[in-house]
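# Fold and contact review
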Amino acid sequence: MIAEHTYVAVRYNGELIGRSGAAEFLESIEGIQNPPEAIKRAVRVILDTVQDYVADTSTEPWPGTRDQPNPGIRLSGSHLEMWFGDQDNPVLKLRPLDLATI
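Residues numbered from 1 in each chain as written. Predicted model: local features only at pLDDT ≥ 70, side-chain atom pairs only at ≥ 80, totals over all residues. Heavy atoms only, no water.

Another point: the pattern of salt bridges. Within the structure shown, the criterion is met by three salt bridges. The shortest N-O distance in the salt bridge between Glu37 and Lys40 comes to 3.0 Å. On the criterion of helical spacing, the pair formed by Glu37 and Lys40 is a turn pair, its members being three residues apart in helix 3 (residues 35–58). Take Glu37: its relative accessible area is 41%, and that puts it in the partly exposed class. A relative accessible area of 27% places Lys40 in the partly exposed class. The partner of Glu81 in a salt bridge is Arg74, and the shortest N-O contact between them spans 3.2 Å. Of the residues examined, Arg74 reaches a relative accessible area of 36% and is grouped as partly exposed. Linked through salt bridges whose partners overlap, the residues forming this network are Arg74, Glu81 and Lys93. (Salt bridge = Lys/Arg side-chain N within 4 Å of Asp/Glu carboxyl O. Helix = DSSP H or I, 4+ residues; strand = E, 2+ residues; numbered from the N terminus. Buried < 20%, exposed > 50% of the residue type's maximum accessible area, 1.4 Å probe, protein only.)

When the terminal C-alpha atoms of helix 3 are compared, their 34 Å separation across 24 residues agrees well with the 34 Å that a helix rising 1.5 Å per residue should span. The complete set of buried residues in helix 3 reads Ala38, Ala42, Val43, Ile46, Leu47, Val50, Gln51, Val54, Ala55 and Ser58. (Expected span 1.5 Å × (residues − 1).)

Here Gln68 lies in the loop between helix 3 and strand 4 (71–76). Look at Gln68 and you get partly exposed, because its relative accessible area is 33%. Each C-alpha atom of the pair Gln68 and Val54 lies 11 Å from the other, and the pair is 14 residues apart in sequence. With near-sequence residues (within four places) excluded, Gln68 lies in contact with Gln51, Asp52, Ala55, Pro61 and Trp62. (Contact = heavy atoms within 4.5 Å.)

Spatial relationships are all this shows, so hold off on functional conclusions.
As structure tokens, then:
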């Protein structure tokens, strides 16, 4: 995954397989009224879309389990945590982001 403007580009084996955009959530009336919820919604859409692109392209559930685990998100202040699977025992945990520095 690579951030490109308001999109996340999804590459598999170096080849672009799709883009996920969710900026519309941040720019919507709901997003302006409740930015934390808009951020969580946008991130969930991005993670779901990336997961689908990789699973469709590889023809395997992703990330690497028999079943396709659901993405999880926690936003605490400006600290964003993301994972796939159970929060206490994730299949894949992504690097946390400090949204204040982005």
